[in-house]
Amino acid sequence: MDAYLSKANNAVPIVVIDYGNRNHILGGYSSSSMVSKHQREHQTQEPTRVSSDCTVVEETSNLESAILGRRVESFDALRAVFEALFYENFGWIKPEEEEEEEEEKNKKNVFIVEPILASRRERERVCQMLFEEFRVSGYAAENAAVCALAGVGRLNGISVDVGAETVDCATVSDGKIVESTCRRIEGGGERCCEKALSGTTVREGKEIYAEMEKWERMIVNRHLARVRWNADDDGKNGGGEGMESYQLPDGNKISVETKDAFALGDALYCCSSNTDDDANSKIVEAIQSAVENSFRHAQAGHFFSHGKENAFECVVAHGTESSVKGLRERLGEDIRTKIAPESAKVNVVASAPDYLHEKIMEHLSWTGGAVLGKVTWNLNQQISKSAYEEWGPNVANRSRNSF
């Protein structure tokens with residue numbers, strides 16, 4: 001499990017949580033533009049670290065049993081994850097140990113970045129858990145796609161979230177999710193792992209790689225995998241001959257032939273561990289379907305009024321697996337040649353603004369949630385404790401901001 005923590009100096013601290021991946025959960029305060037991170041993985045050179053015992057929650061719950069396919073599989077397991085974050089990482093006092101005066105003084109505010117396709121039941125249950133069991137003072141939630149675009153300062157565009165288990169696509173118009181365009185593709189980083197274990201030959205460090213846990217192999221794959229320029233490219237244009245290597249902090253090295261590195265990239269991009277007969281990317285198909293659905297709804301503001309020529313001017317590819325070399329370039333090329341009109345401007349956002357963390361695109365939804373969380377409380381648009389007591393858990397759906 002990875003945990004991303006940021007410290008804040010804010011009169012109204014707002015904890016932002018993105019729980020949309022099975023192998024990690026993101027948490028931090030909304031007022032910081034730099035997210036420091038601790039990763040239980042083979043990576044170093046991060047600006048600030050927290051002790052590992054603050055991030056591992058295996059003593060109370062396995063995170064993998066809480067989230068499956070970006071949906072809450074077990075609310076009991078999710079509660080245990082939240083307990084570890086709130087009480088161990090953020091220093092919250094447990095309700096039974098807190099005096100009434102202290103509870104009133106120590107405001108607890110939570111902003112949830114929820115996955116696309118989150119159900120009404122899931123949204124209500126998370127809201128109920130936070131108000132009734134953790135006694136938060138205020139609560140707000142926003143869709144991950146909207147948050148991702150907010151992270152790069154945009155209100156309109158296409159979000160492509162390349163995660164560990166799935167790839168989520170959706171269009172955002174005037175700062176609102178167009179719900180009919182939400183698409184989820186089974187794939188992501190786990191397809192790379194399947195391809196690596198079944199067909200790719202690890203030339204160096206084979207035993208070490210085989211003994212790694214799945215989330216560890218996904219981290220290594222991010223550094224080894226390469227995505228071809230197009231479906232007909234045999235890899236030579238990207239250096240098809242040679243080796244691709246990644247050195248672990250302990251000095252051991254994992255190496256694969258470059259042609260196998262491209263095979264890993266194909267598995268990720270095509271969302272299939274068997275890419276021999278699957279040259280077309282399901283991601284591009286999902287984007288095409290999402291955009292076409294946007295134009296069927298006049299309510300979808302920006303997309304309906306600006307036409308297809310401007311529909312692809314902001315495609316944001318983000319998520320833990322989006323950093324694989326060549327992925328954004330291939331995505332832009334396929335959109336340009338396969339689905340966009342000839343006159344259309346295609347822009348796949350390659351990076352976040354320079355003042356943000358260099359790896360911000362891997363957790364862009366959290367970053368956008370941190371921005372929106374601060375705005376929400378400044379405008380007093382959060383769900384208050386009194387509103388929850390009046391309306392109950394359904395208040396979480398009453399405040400939905402979507403087309």
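In what follows, the structure referred to is the one given above.
On a predicted model such as this, the values are computed, not experimentally measured, just so you know.

Engineer: I'm lost on the overall build of the protein chain in this one. Help?
Structural biologist: Scanning the protein chain from N- to C-terminus turns up 15 helices and 18 strands. Expressed as a percentage of the 403 residues in the protein chain, the buried residues total 58%. Sequence separation of at least 24 residues holds for 68% of the intrachain contacts in the protein chain that already meet a minimum separation of 6.

Engineer: What is the right way to read the sheet that holds strand S13 (residues 202-204) from this model?
Structural biologist: Strands pair in a sheet through their backbones, by hydrogen bonds, and they do so in one of two ways: parallel or antiparallel. One open sheet holds the three strands; their spatial order is S13-S15-S14, and the pairing between them is antiparallel. Two strands lie at the open edges of the sheet, namely S13 and strand S14 (243-247), each paired on one side alone. Adjacent strand axes in the sheet meet at a mean angle of 30°, parallel and antiparallel pairs treated alike. Pairing of S13 with strand S15 (residues 253-257) involves two bridges; the strand directions are antiparallel. Among the inter-strand pairings, Glu204 is bridged to a residue of S15, identified as Ser255. Across the sheet, helix H8 (residues 214-224) touches S14 and S15, and the angle it forms with S14 is around 135°. Strand contacts of helix H9 (residues 258-269): S14 and S15, with the helix running at about 90° to S15, the strand carrying the most contacts.

Engineer: Would you explain the packing of aromatic side chains in this entry?
Structural biologist: Each aromatic ring pair is characterised by the separation of its centres together with the angle its planes make. Counted by the stated rule, this structure contains eight aromatic pairs. Taking the centre distance of 5.4 Å and the plane angle of 75° together, the rings of Tyr29 and Phe90 count as edge-to-face. Of the two residues, Tyr29 is situated in strand S3 (residues 24-29) and Phe90 in the loop between helix H2 (75-89) and helix H3 (100-105); the sequence distance between them amounts to 61 residues. Judged by its relative accessible area of 17%, Tyr29 falls in the buried class. Here Phe90 falls in the buried class, since its relative accessible area comes to 11%.

Engineer: Help me out: how do you make sense of the environment of Arg121 in this one?
Structural biologist: Position of Arg121 among the secondary structure elements: in helix H4 (residues 120-133). Distance in space between the C-alpha atoms of Arg121 and Asn394 is 9.0 Å, their sequence separation being 273 residues.

Engineer: Explain H9 to me, please; I cannot follow it from the model alone.
Structural biologist: The end-to-end C-alpha distance of H9, which contains 12 residues, comes to 16 Å, matching closely the 16 Å that a straight helix rising 1.5 Å per residue would cover. Among the 12 residues of H9, 11 are classified as buried, and the element is accordingly described as predominantly covered. Of the residues making up H9, those classed as buried are Thr258, Asp260, Ala261, Phe262, Ala263, Leu264, Gly265, Asp266, Ala267, Leu268 and Tyr269.

Engineer: Would you explain the pattern of salt bridges in this entry?
Structural biologist: Side chains that differ in charge, positive against negative, can pair when their charged atoms come close. In this structure the tally under the stated criterion is 14 salt bridges. With a shortest N-O distance of 2.6 Å, Arg70 and Asp161 are connected by a salt bridge. Remark: Asp161 occurs in strand S9 (residues 157-162) and Arg70 occurs in the loop between strand S5 (67-68) and strand S6 (71-72); sequence separation between them is 91 residues. Each member of the pair, Arg70 as well as Asp161, carries the same accessibility label: buried. Arg336 serves as the salt-bridge partner of Glu333, at 3.5 Å between the closest nitrogen and oxygen. Of the two residues, Glu333 and Arg336 are both situated in helix H12 (residues 327-339); the distance of three residues between them amounts to about one turn of the helix. Look at Arg336 and you get partly exposed, because its relative accessible area is 43%. Linked by salt bridges that have partners in common, Arg70, Asp161, Asp168 and Arg184 make up one network.

Engineer: Quick question: what am I supposed to make of the pairing of S15 here?
Structural biologist: The side chains of a regular strand alternate, first on one face of the sheet and then on the other. Within S15, four of the five residues are buried, leaving the element largely enclosed by the surrounding structure. Note: S14 against S15, five bridges, orientation antiparallel. Within S15, the position partnered with Met243 by the bridge is Glu257. Two successive antiparallel strands, S14 and S15, enclose a turn made up of five residues, where Gly251 displays a positive phi of approximately 100°.

Engineer: Could you clarify how one ought to interpret the environment of Thr258 in this entry?
Structural biologist: Topologically, Thr258 is positioned in helix H9. For Thr258, a relative accessible area of 1% translates into the label buried. Through-space distance from the C-alpha of Thr258 to that of Ala225 is 8.5 Å; in sequence the pair is 33 residues apart.

Engineer: How do you make sense of H2 when you look at a structure like this?
Structural biologist: Along an α-helix, a turn takes 3.6 residues, which lines up residues three or four apart on a common side. When the terminal C-alpha atoms of H2 are compared, their 20 Å separation across 15 residues agrees well with the 21 Å that a helix rising 1.5 Å per residue should span. When you tally the buried positions in H2, you get 12 out of 15 residues, the bulk of the element. Within the span of H2, buried status applies to Phe75, Ala77, Leu78, Arg79, Ala80, Val81, Phe82, Ala84, Leu85, Phe86, Tyr87 and Asn89. The positive-phi residue at the C-terminal boundary of H2 is Gly91, with phi of around 70°.

Engineer: Is there a simple way to think about the state of the cysteines in this case?
Structural biologist: A covalent bond bridging the sulfur atoms of two cysteines is what the word disulfide describes. Overall, the coordinates contain zero disulfides when judged by the stated rule. Of the cysteine sulfurs around Cys169, a residue in no disulfide, the closest is that of Cys271, at 8.2 Å. Overall, Cys169 belongs to the buried group, its relative accessible area being 0%.

Basis of the calculations
- Residues numbered from 1 in each chain as written.
- Predicted model: local features only at pLDDT ≥ 70, side-chain atom pairs only at ≥ 80, totals over all residues.
- Heavy atoms only, no water.
- Helix = DSSP H or I, 4+ residues; strand = E, 2+ residues; numbered from the N terminus.
- Buried < 20%, exposed > 50% of the residue type's maximum accessible area, 1.4 Å probe, protein only.
- Contact = heavy atoms within 4.5 Å.
- Pairing = 2+ DSSP bridges.
- Axes fitted to C-alpha atoms, helices over the stretch in contact; angles between N-to-C directions.
- Phe/Tyr/Trp six-rings, centres within 6.5 Å; stacked < 30°, edge-to-face > 60°.
- Expected span 1.5 Å × (residues − 1).
- Salt bridge = Lys/Arg side-chain N within 4 Å of Asp/Glu carboxyl O.
- Disulfide = S-S within 2.5 Å.

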